[in-house]
There are 4 protein chains.
Amino acid sequence: MTKTENTDASSPAWPDLAGRLVGDNSTRHHIIPVRVYFEDTDAGGVAYHASYVRWCERGRTDLLRLLGTDARRMIDGSDNHEPAAFVVRRMTFDFKRPAQMDDVLEIETRVGELGAASVTLHQSVTRAGQVLCQADVLVVLVSVSGKPLRISERVRAEFLTTQQITP
Amino acid sequence: MTKTENTDASSPAWPDLAGRLVGDNSTRHHIIPVRVYFEDTDAGGVAYHASYVRWCERGRTDLLRLLGTDARRMIDGSDNHEPAAFVVRRMTFDFKRPAQMDDVLEIETRVGELGAASVTLHQSVTRAGQVLCQADVLVVLVSVSGKPLRISERVRAEFLTTQQITP
Amino acid sequence: MTKTENTDASSPAWPDLAGRLVGDNSTRHHIIPVRVYFEDTDAGGVAYHASYVRWCERGRTDLLRLLGTDARRMIDGSDNHEPAAFVVRRMTFDFKRPAQMDDVLEIETRVGELGAASVTLHQSVTRAGQVLCQADVLVVLVSVSGKPLRISERVRAEFLTTQQITP
Amino acid sequence: MTKTENTDASSPAWPDLAGRLVGDNSTRHHIIPVRVYFEDTDAGGVAYHASYVRWCERGRTDLLRLLGTDARRMIDGSDNHEPAAFVVRRMTFDFKRPAQMDDVLEIETRVGELGAASVTLHQSVTRAGQVLCQADVLVVLVSVSGKPLRISERVRAEFLTTQQITP
């Protein structure tokens, strides 16, 4: 029972470019596809471990985009706020199986605990439904001067509708 | 008069993931979209110049994919040939305007001169129809041992249908 | 009381290229310097979080190099063993302060728990003695076919001399 | 007859970190060493072509550093000038032989033609004296707002002492 929501965040010519918000209520999450290119691999013949870190950041950026908050507007303050950005404070990656050149992967992002200035994202990298990597990433909203900022009510409300209920 | 061709190269869930072959005859070319993420930018506030090199490689890889030749099958020789890869021999990049965080770009790839073992690709990075960067990239098909290999008739024929006629 | 050991692992022209093993007994650890270049930064104006992951991998690679085991010889099996590589199984990064363009950083690597096929490395990224980032990285020795391999006695012995004694 | 100049640009603990200015008069040029790590390689088993672009940027950045102009001070304007940066306008790379994991490379940078706001750098990537790659890179000094800026007399004078005389 997966529901895909419409959004204006993507280019009309490339409707899936920012991925999709899927699922209802407690299962709602974000998915973007990632293709493994040469740039993502290393001489071991599989995807380089730091590539997963870049891919998960794409997932978080596009989740925010589909929730109506893009990074450039936050950074330059044109969002009517002090210039700010979500920065990574802590991240844990578990690697289970290697991704390979030409693979089509999906990056799934779920909202976890929500603090005043921070949020934990639970992310997984899957291939044909099989989990290759799992990540927990704690991000904090900080102003350009480095001060933690309270996440706005609008963004909090959006996060809450995407949040996983952990029983 | 742009025609989009169907292909099995993409994942059914993400039909545009490998981009599209568009146009007819002498205008036929390949397009993939690229989103600018934090990973692509630098402290100058715009896209890092080596990011364009990675993006153009995605375009060439997906052009080959839509023409029926993917990189992993070439590399491991499962394509019924000696393990091989297209490697860059020479590349020229002209930077005209900077790309910025969150931009939606299109990478266009056109086939130029075709040699026995080599092909020149003419590529451009555009934003809303405006050219940000132009590149000419000469790639050579080499075996894993480093020997130039003749491009197969099937791939040559495919390249020829995508080739730009230079009067 | 820091002792620097001689090694043939570095190029004679660039004696520090693989960093240094410093300290005695329980304080012995590896240090390499890293300069922050544009490639390491993002539009937020500071170092991109995945850059720390690449830097720590340089530290681990050069620790192995100074212990007499370089990655290429492991990968191609010229080390008289089955082709193999240390792959990352799990990693945790804590980011405390941002690194900036032009900074001179030091990557410190200490050996932690040692399993039959695995080892945990405790790493930190410092600037002028101040910790910017701390990482724990569990790596496993696997053959090219993906099978865990027992770490050789020689490499185990080397790790043990570099291991931190946790009381 | 190679002469190495002293400089305060490097960290005292790591005297070679910014490379060296070597040679006299018409042969004066800059060299930095680069180690090939996993991050620089791809599944083809050799260095990824965009890695050379990153390495050459390190060479240009450290040439400027040894000439007394570092990138951060230019970008934030603390150099007593309008915030500015050298940006790449055009680059050509010729790839002759592949670099491999664990290789020690040297990036050599020579100053070519000098315009009012621009300079061409001639760069090569060598291994044990053998050229792997040659690059010509045209960079332009631009303000943060994108306007070309005249290169200061001090930097021009420094470039001239490092310039190659082309007969």
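For the structure, check the block above.
Each value, and the rule that gives it
Residues numbered from 1 in each chain as written. Chains lettered and ligands numbered in written order. Predicted model: local features only at pLDDT ≥ 70, side-chain atom pairs only at ≥ 80, totals over all residues. Heavy atoms only, no water. Helix = DSSP H or I, 4+ residues; strand = E, 2+ residues; numbered from the N terminus. Rg over C-alpha atoms; globule rule 2.2 N^0.38 Å. Buried < 20%, exposed > 50% of the residue type's maximum accessible area, 1.4 Å probe, protein only. Contact = heavy atoms within 4.5 Å. Lys, Arg positive; Asp, Glu negative; His and termini not counted. Charge placed at Lys NZ, Arg CZ, Asp CG, Glu CD. Core = buried A, V, L, I, M, F, W, Y, C linked by side-chain atoms within 4.5 Å. Least-squares fit on C-alpha atoms with pLDDT ≥ 70 in both. Pairing = 2+ DSSP bridges. Axes fitted to C-alpha atoms, helices over the stretch in contact; angles between N-to-C directions. Parallel < 35°, antiparallel > 145°, perpendicular 65-115°, else oblique. Nonpolar A, V, L, I, M, F, W, Y, C, P; charged D, E, K, R; others polar. Buried area = accessible area lost by both parts, 1.4 Å probe. Salt bridge = Lys/Arg side-chain N within 4 Å of Asp/Glu carboxyl O. Polar contact = N/O pair within 3.5 Å; in protein donor to acceptor, adjacent residues only side chain to side chain.

What should I look at first to understand the overall build of chain A in this one?
Scanning chain A for helices and strands turns up three helices and six strands. For chain A, the sequential pattern of α-helices and β-strands runs β-β-α-α-β-β-β-β-α. In terms of overall dimensions, chain A is globule-like: its C-alpha atoms have a radius of gyration of 16 Å, near the 15 Å expected for 167 residues. Projected onto the principal axes, the alpha-carbon positions of chain A cover approximately 45 × 40 × 40 Å. A burial count over chain A gives 59% of its 167 residues as buried. In chain A, 61% of the contacts between residues at least 6 apart in sequence involve partners at least 24 apart. Charged side chains of chain A number 20 positive and 22 negative; the gap between the two group centres comes to 3 Å.

How do you make sense of the nonpolar core when you look at a structure like this?
Nonpolar side chains in soluble globular proteins generally cluster together in the buried interior. Ranked by internal contacts, the top residues of the largest apolar core, which has 88 residues, are Trp55 and Phe93 of chain B together with Trp55 and Phe93 of chain D. If near-sequence neighbours (up to four positions away) are discounted, Trp55 of chain D is found in contact with Ile32, Val34, Val36, Asp40, Ala47, Ala99, Leu105, Ile107 and Val125 of chain D. Grouped together as the second largest cluster of nonpolar side chains are 86 residues, Val36, Leu67 and Ala99 of chain A together with Leu21 of chain C included.

Even after reading the chapter, I still don't get the relation of the copies chain B and chain A, so can you show me in this structure?
The relation between the two chain copies is a rotation about an axis coupled with a shift along that axis. If you rotate chain B by 180° and push it 0.0 Å along the axis, it lands on chain A with an RMSD of 0.0 Å. On this basis, the relationship between the two copies can be described by a two-fold rotation axis. No C-alpha of chain B approaches the rotation axis more nearly than that of Asp16 of chain B, which lies at 3.9 Å. Looking at chain B, 100% of its interface residues are interface residues in chain A too, so the copies touch through the same face.

Explanation requested: the relation of the copies chain B and chain C in the structure shown.
Least-squares fitting of chain B to chain C yields an RMSD of 0.0 Å, with the superposition described by an axial translation of 0.0 Å and a rotation of 180°. With an isologous cut-off of 70% or more, the 100% of interface residues of chain B that recur at the interface of chain C puts this contact in the isologous class.

I keep staring at the sheet that holds strand E6 (residues 130-143) of chain C and nothing clicks. Help me out?
Read across the open sheet, the twelve strands follow the order E1(A)-E2(A)-E4(A)-E5(A)-E6(A)-E3(A)-E3(C)-E6(C)-E5(C)-E4(C)-E2(C)-E1(C); overall the sheet is antiparallel. Every interior strand has two partners, whereas the edge strands, strand E1 (20-22) of chain A together with strand E1 (20-22) of chain C, have only one. If you compare each strand with its neighbour and ignore which way they point, the axes differ by 30° on average. In this sheet, E6 of chain C lies alongside strand E5 (residues 118-127) of chain C in antiparallel orientation, the contact comprising ten bridges. Paired with Ser124 of chain C across the strands is Gln134 of chain C, a residue of E6 of chain C.

Teacher, can you tell me more about the packing of helix H1 (residues 49-66) of chain A against helix H1 (residues 49-66) of chain C here?
Each pair of packed helices can be described by the angle between their axes along with the distance between the axes. Between H1 of chain A and H1 of chain C, the shortest axis-to-axis distance is 9 Å and the interhelical angle comes to 170°. What the angle tells us is that H1 of chain A and H1 of chain C run roughly antiparallel. Residues His49, Ala50, Val53, Arg54, Glu57 and Arg60 of chain A of H1 of chain A touch H1 of chain C, and the partners they reach there are His49, Ala50, Val53, Arg54, Glu57 and Arg60 of chain C. Looking at the contact of H1 of chain A with H1 of chain C residue by residue, the class counts come to four nonpolar, two polar and six charged.

Looking at this structure, how should I read the interface of chain B and chain A?
How big an interface is tends to be expressed through the accessible area that disappears when the partners come together. Residue-level contacts link 34 residues of chain B with 34 residues of chain A. Of all residues in chain B, the largest losses of buried area upon contact with chain A belong to Trp14, Tyr37 and Arg72 of chain B, amounting jointly to 24% of the total for that side. Our enumeration of links across chain B and chain A arrives at six salt bridges. Between Arg65 of chain A and Asp102 of chain B there is a salt bridge whose closest N-O contact spans 3.0 Å. Linking chain B with chain A are twelve residue pairs in polar contact (both at pLDDT 80 or more), by the criterion used here. For the side of chain B that touches chain A, the secondary structure elements donating two or more residues are strand E2 (29-35), helix H1 (49-66), helix H2 (71-76) and strand E4 (104-114) of chain B. The greatest single-element share of the side of chain B that touches chain A, amounting to six residues, is contributed by H1 of chain B. Of the residues in the side of chain B that touches chain A, the class split is 15 nonpolar, five polar and 14 charged.

I tried to follow the environment of Ser145 of chain C on my own but got confused; where do I start?
Assignment of secondary structure puts Ser145 of chain C in the loop between E6 and helix H3 (153-162). Since its relative accessible area comes to 60%, Ser145 of chain C is described here as exposed.

How do you make sense of the pairing of strand E5 (residues 118-127) of chain A when you look at a structure like this?
For a regular strand, side chains alternate in direction, first toward one face of the sheet and then toward the other. Residues and elements named next belong to chain A. For E5, a buried count of eight out of ten residues is recorded, marking the element as mostly surrounded by other parts of the structure. In this structure, strand E4 (residues 104-114) lies alongside E5, joined through seven bridges in antiparallel fashion. Looking across to E5, one finds that Val111 is bridged to Leu121. Counted along the chain from E4 to the antiparallel partner E5, the turn is three residues long. The antiparallel pairing of E5 with strand E6 (residues 130-143) creates a hairpin that spans two residues between the two strands, and Ala128 there sits at a positive phi of about 50°.

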